[in-house]
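Results of the structural survey
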Amino acid sequence: MWEYAPAPESRDIANLKPSYRMFLDGEFVEGGGEPLKTVNPATEEVLAEVSTASKSDVDKAVKAARRAYDRVWGRMPGAERAKYIFRIARMVAERSRELAVLESLDNGKPIKESRDVDVPTASAHFFYHAGWADKLDYAGLGPDPRPLGVAGQVIPWNFPLLMAAWKLAPALACGNTVVLKPAETTPLTALVLADIIQQADLPPGVVNILPGAGDVGAELVGHPDIDKVAFTGSTEVGKLIQCSVAGTGKKLTLELGGKAANVVFDDAPLDQAVEGIVNGIFFNQGHVCCAGSRLLVQESVADELLDKLHTRIATLRVGDPLDKNTDVGAINSREQLTKIAELVSSGEAEGAEKWVSPCPLPDKGFFFAPTVFAGVSQAMRIAREEIFGPVLSVLTFRTPDEAVAKANNTPYGLSAGIWTDKGSRILWMADRLRAGVVWANTFNRFDPTAPFGGYQESGFGREGGRQGLEAYLDV
Amino acid sequence: MSERLTVAKTYKLYVGGAFPRSESGRSYPVQDAKGAFLANAAQASRKDVRDAVVAARKALGGWSRATAYNRGQVLYRVAELLEGRREQFVAELGASEGLAAKRAQSIVDLVVDRWVWYAGWADKIATVLGAANPVAGPYFSFSVPEPTGVVGVLAPQSSSLLGLVSVVAPVIATGNTAVVVASQDRPLPAITLSEVLATSDVPGGVVNVLTGRTAELAPWLASHADVNALDLTGAPEATTTELERAAAGTVKRVLRAGAAEPDWTVAPDVKRLRAFLETKTVWHPKGT
């Protein structure tokens, strides 16, 4: 037997600085808020001190964004805006390794995910939207598409850089200026992105990045001089934001939680399905709004699939996010770890059968072993509530109609998965699933050309594709 | 003290990613706008046309199957390199088209920006021209654009760089490969553009550039059975009907030329992108 040999990525590549400042009107400046300390969730050590925005900083940033919109960005020809955004795309790619390591340090996600998914997809998102900047007339959204003005954007901690790209790229391509608030626990890559934006020579004020907690977000969303609010995060906060912009005329898009059904039929290629299920729920520690957190298995193959799943999940390596072999990294914060643990104990209390991967966990840091609940009923909290962690709830069904009914039995509707060898059944199911994205015989695919977003309490508005431009256009 | 003698460039063809002379061994003198000798250009033959078509066909599989994102990135890279050769193009346009420096600079700016515009279309044309078809039955039906194949391009005679870029970029942005006959009397910028393509990430054979007599080469391109489409923009006016007839032999898609060469400084639309695309419709049943 070979001893396990880790393949650690060097943390020096992250170019970590002791302190980071907010990005306002083209300059890095000290914020008036209480500085926050961002923590490496894999070690619980403080990574850096980050200045946060005060109420007056938010106002300054909105004013800077308004000036930049009125004087430069809003009136600039699309072809010129395009070239700025292409620059950002290229620079993100050029600094991809630095960004990937920094993302894994700050967020806790495995380096292979930040390296192979987060950063390249972020660059691709800028690249794709750059090309739209001078082609908006062709987007089919209506004649004479115009920008909205100043956008206030609030993003979550699960894909810090990628979510910044998803928000900034379409907003800029459509001619808006932006004030963006990264998540409290993961502000670092957004501030490196600000550095890239400065290097790309974007006019001051076009992009402003203000770190801080929920109060800064609330201040931004509530600012009277923004024209557009975009939020990605929990359904709970999304509802508060929708409530707060009511009556203001601000355009709103929300990308919220999910409780996706991953439906496996008895004719599915099971080994392939196992890989997809594992990717669907353990990718990014399950900190994915579209995670396949409810596995619906056809009864006749349930036992076989569960056995295969246990065997496969037991091989997942949980640990150091910077180890290139790591499959499941650290839970982003102690708060999130507590929330996951609480929901898992509710599953036990409500009578579901818990299976936990026998994998070893590191001594320190926020880690949670991959967990699978069998015998889950629809009424249980673990079947209804978003856990946002590496926890899979398994339910069974007998007929396609029953699968549809169970899959749709949720206030959410972000994504769904279908596993079957029968093409006609995939399309039949896709017609009936109330979800914004349906993956068939694959899961968790993201591409800037493919619109992403939810039904009902998973939010409204799309990101990516032609349809995603609508969120930032007056059409 | 004697002045240093410059090293003059030999202008050759661009076929399959390489720079061969014409197999015919012929060349012809190229003059500047005032009639002074600039250089000899290779005078391509019928066999050079056939070699170029073979190269374009060979490159088609890889280029058309590359992801649209990849094609967009490769084309954007070309724009980056064009920008780096700005001064050279300005000088060449000054010589071949007799443009004043300022005018030549603004044309080269347009050339780079035009290339960027088409690079951005690579991963968007399918979403603009494709569709999910709401058919009246239990079927999933969708239509997507696909490249036509090998496109013969008779480049504009007057605008030797901006016109050239305006006709070549849309052909390859959608995944076609091209055999281009450069402006007969102003062929040099086309060869310099080929050098840009050769040192970018555009695979050899995706663009092939021939210099020579348009009237001599065009009929072979128009009648070649392995050419799928023909752009007549730079065809001598007296020959266009004959070329269209020759193209009918293998039902080529023909993009006709207007009465006069267009004003290439005008912002383009998607007409040239649409011209060399097929629409493929796929049906699949729905049911349990």
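The structure presented is a predicted model; accordingly, all values stated were derived computationally and were not measured. (Residues numbered from 1 in each chain as written. Chains lettered and ligands numbered in written order. Predicted model: local features only at pLDDT ≥ 70, side-chain atom pairs only at ≥ 80, totals over all residues. Heavy atoms only, no water.)

What about the overall build of chain B?
Scanning chain B from terminus to terminus reveals 10 helices and 10 strands. Projected onto the principal axes, the alpha-carbon positions of chain B cover approximately 90 × 35 × 35 Å. Put simply, of all contacts in chain B between residues at least 6 apart along the chain, 76% involve residues at least 24 apart. Summing over all exposed atoms, chain B offers an accessible surface of approximately 12,600 Å²; the carbon and sulfur share of this is 53%. Across chain B, the 31 positively charged side chains and the 27 negatively charged ones have centroids separated by 4 Å. (Helix = DSSP H or I, 4+ residues; strand = E, 2+ residues; numbered from the N terminus. Contact = heavy atoms within 4.5 Å. Areas by Shrake-Rupley, 256 points an atom, 1.4 Å probe, with all protein chains shown as cover. Lys, Arg positive; Asp, Glu negative; His and termini not counted. Charge placed at Lys NZ, Arg CZ, Asp CG, Glu CD.)

A closer look at the layout of surface pockets
Residues and elements named next belong to chain A. In this model, the largest pocket occupies a volume close to 1,100 Å³. For the largest pocket, the lining is made up of 36 residues, of which Trp-157, Phe-231, Gly-233, Ser-234 and Val-237 are closest to its centre. Mapped by element, the contributors of at least two residues to the lining of the largest pocket are α7 (214–222), β10 (228–232), α8 (235–245) and α11 (334–349). Class assignment for the residues of the lining of the largest pocket results in 16 nonpolar, 13 polar and seven charged. (1 Å grid on protein atoms, 1.4 Å probe; cavity = no way out; pocket = protein on both sides within 12 Å on 5 of 7 lines; lining within 4 Å. Points joined across faces, edges and corners; volume = space filled by probe spheres on them. Nonpolar A, V, L, I, M, F, W, Y, C, P; charged D, E, K, R; others polar.)

Here we look at the UniProt feature "domain: Aldehyde dehydrogenase" (unreviewed entry) in chain B
The positions that UniProt labels "domain: Aldehyde dehydrogenase" (unreviewed entry) are, in the present scheme, residues 30–269 of chain B. Between the C-alpha atoms that bound residues 30–269 of chain B the distance is 33 Å, and the span itself is 49% helix and 17% strand. (UniProt positions renumbered as here; feature names shortened; annotations may be inferred.)

Examining the nonpolar core
Residues Ile-88, Phe-126, Leu-172, Leu-202 and Val-264 of chain A together with Trp-115 of chain B are the most contacted members of the largest nonpolar core, which totals 177 residues. The two domains that each donate at least three residues to this core are domain 1 (11–256 + 455–474) and domain 2 (261–440) of chain A. Ignoring sequence-local partners within four residues, the contact set of Leu-202 of chain A consists of Trp-73, Tyr-84, Ile-88, Leu-172, Ile-197 and Val-207 of chain A. Ranked by size, the runner-up nonpolar core spans 31 residues in total, among them Phe-265, Ile-331, Val-376 and Leu-395 of chain A. (Core = buried A, V, L, I, M, F, W, Y, C linked by side-chain atoms within 4.5 Å. Buried < 20%, exposed > 50% of the residue type's maximum accessible area, 1.4 Å probe, protein only. Domains from an automatic or database assignment.)

Brief notes about the sheet that holds strand β10 (residues 277–285) of chain B
Residue and element names in this part refer to chain B. On the basis of which strands lie adjacent, the open sheet formed by three strands has the order β3-β4-β10 and antiparallel pairing. Both outer strands of the open sheet, β3 (131–133) and β10, are each paired with one neighbouring strand and no more. For this sheet the average axis-to-axis angle between neighbouring strands, irrespective of direction, equals 25°. Pairing of β3 with strand β4 (residues 139–147), which is carried by three bridges, proceeds in the antiparallel orientation. Bridge assignment links Ala-132 to a residue of β4, and that residue is Phe-142. (Pairing = 2+ DSSP bridges. Axes fitted to C-alpha atoms, helices over the stretch in contact; angles between N-to-C directions.)

Structural notes on the packing of aromatic side chains
Counting across every chain of the model gives 23 aromatic pairs over all chains. One aromatic cluster in this structure is built from Tyr-128, Trp-132 and Tyr-138 of chain A together with Trp-117, Tyr-118 and Trp-121 of chain B. Here Arg-317 of chain A stacks its cationic end above the ring of Tyr-4 of chain A, 3.5 Å away from the centre of that ring. (Phe/Tyr/Trp six-rings, centres within 6.5 Å; stacked < 30°, edge-to-face > 60°. Lys NZ or Arg CZ within 6 Å of the ring centre and 35° of its normal.)

What about helix α13 (residues 400–407) of chain A?
Residue and element names in this part refer to chain A. Where α13 is concerned, the buried positions are Pro-400, Ala-403, Val-404, Lys-406 and Ala-407. For α13, the buried positions fall inside an angular range of 170° around the axis, keeping them on one side. Where α13 is buried, its residues touch β12 (261–264), β13 (294–298), β16 (391–397) and α14 (423–432). (Arc of directions from axis to C-beta.)

Considering the UniProt feature "domain: Aldehyde dehydrogenase" (unreviewed entry) in chain A
UniProt records the feature "domain: Aldehyde dehydrogenase" (unreviewed entry) at residues 29–474 of chain A, using the numbering of this structure. Split by type, residues 29–474 of chain A is 40% helix and 16% strand. Its first and last C-alpha atoms lie 32 Å apart.

Some details on the pattern of salt bridges
Taken as a whole and judged by the stated rule, the model has 44 salt bridges over all chains. The salt bridge involving Lys-83 of chain A is made with Asp-113 of chain B; its shortest N-O contact spans 2.9 Å. Note that Lys-83 of chain A is positioned in helix α2 (residues 78–94) and Asp-113 of chain B in helix α4 (residues 101–121), a pairing that runs across two chains. For Lys-83 of chain A, a relative accessible area of 24% translates into the label partly exposed. Asp-113 of chain B gets classed as partly exposed once you look at its relative accessible area, which sits at 23%. The network of salt bridges with common partners includes Glu-83, Arg-86, Glu-87 and Asp-109 of chain B. (Salt bridge = Lys/Arg side-chain N within 4 Å of Asp/Glu carboxyl O.)

Notes on the sheet that holds strand β8 (residues 229–231) of chain B
All names here are of chain B. Ordered by their spatial adjacency, five strands build an open sheet running β7-β6-β5-β8-β9, and the pairing between neighbours is parallel. Looking at strand neighbours, the two that pair on one side only are β7 (207–210) and β9 (253–255), the edges of this open sheet. Each strand of the sheet is rotated relative to its neighbour by a mean of 15°, with strand direction disregarded. As judged from the four bridges shared by strand β6 (residues 177–181) and β7, these two strands associate in the parallel manner. Looking at β7, one finds that Val-179 is bridged to Asn-208. In the packing of helix α1 (residues 46–65) onto the sheet, the strands contacted are β5 (150–154), β6 and β7, and the crossing angle to β6 comes to about 155°.

Quick word on the interface of chain A and chain B
Every contact between the two is made by 25 residues of chain A and, on the other side, 24 residues of chain B. Both sides of the chain A and chain B interface together cover about 2,200 Å² of buried area, and 64% of this is carbon and sulfur. For chain A, the biggest contributors to the area lost against chain B are Arg-90, Phe-127 and Tyr-138 of chain A; these three give 28% of the whole. Across the chain A-chain B interface, the total number found is three salt bridges. Of the charged contacts, one joins Glu-80 of chain B and Arg-90 of chain A as a salt bridge, the two residues approaching to 3.0 Å between their closest N and O atoms. One can count 10 residue pairs in polar contact (both at pLDDT 80 or more) joining chain A with chain B. For the side of chain A that touches chain B, the element with the highest residue contribution is helix α4 (residues 111–132) of chain A, accounting for seven residues. The residue inventory of the side of chain A that touches chain B, partitioned by class, reads 10 nonpolar, five polar and 10 charged. (Buried area = accessible area lost by both parts, 1.4 Å probe. Polar contact = N/O pair within 3.5 Å; in protein donor to acceptor, adjacent residues only side chain to side chain.)

Regarding the pairing of β4 of chain B
Residues and elements named next belong to chain B. The loop that links β3 with its antiparallel partner β4 comprises five residues. Of the strand pairs in this sheet, β4 and β10 are connected by nine bridges, and their pairing is antiparallel. Each bridged residue has a counterpart across the sheet, and for Phe-142 the counterpart in β10 is Val-282.

Focus: unusual backbone geometry
Residue and element names in this part refer to chain A. Positive phi is not limited to glycine here, since Asp-144 has a value of about 50°. A positive phi angle is found at Gln-285, which is not glycine, with a value near 60°. Examined against the element boundaries, Gln-285 turns out to sit in the loop between α9 (270–282) and β13.

Section: the UniProt feature "active site" (unreviewed entry) in chain A
Residue and element names in this part refer to chain A. What UniProt calls "active site" (unreviewed entry) maps, in this numbering, to Glu-255. Residue position: Glu-255 is located in strand β11 (residues 251–255). With residues up to four places along the chain from it excluded, the contact list for Glu-255 reads Phe-231, Thr-232, Gly-233, Cys-289, Leu-414, Phe-452, Ser-458 and Glu-463.

Concerning the domain arrangement of chain A
Residues and elements named next belong to chain A. Looking at chain A, the domain boundaries give domain 1 (11–256 + 455–474) and domain 2 (261–440). With centres defined by C-alpha atoms, the gap from domain 1 to domain 2 works out at 30 Å. Counting residues at the interface gives 31 residues for domain 1, matched by 34 residues for domain 2. Here domain 1 packs against domain 2, burying approximately 2,700 Å² in sum over the two surfaces, 57% of which is carbon and sulfur.

Considerations on the packing of helix α8 (residues 214–223) of chain B against helix α9 (residues 240–248) of chain B
Think of two packed helices as two axes; the pair is described by the angle between the axes and how far apart they sit. Residue and element names in this part refer to chain B. The N-to-C vectors of α8 and α9 enclose an angle of 25°; their axes lie 7 Å apart at closest approach. In terms of orientation, α8 and α9 fall into the roughly parallel class. Counting all contacts with α8, which are made through Ala-218, Pro-219, Ala-222 and Ser-223, the residues of α9 involved are Leu-243, Ala-246 and Ala-247. Along the lines of polarity and charge, the residues of the contact of α8 with α9 split into six nonpolar, one polar and no charged. (Parallel < 35°, antiparallel > 145°, perpendicular 65-115°, else oblique.)

A closer look at α4 of chain A
Helix length check: α4 of chain A, at 22 residues, gives a terminal C-alpha distance of 31 Å against a target of 32 Å (1.5 Å per residue), a fit within 8%. In terms of residue burial, α4 of chain A counts as a mostly covered element, since 17 of its 22 residues are buried. (Expected span 1.5 Å × (residues − 1).)

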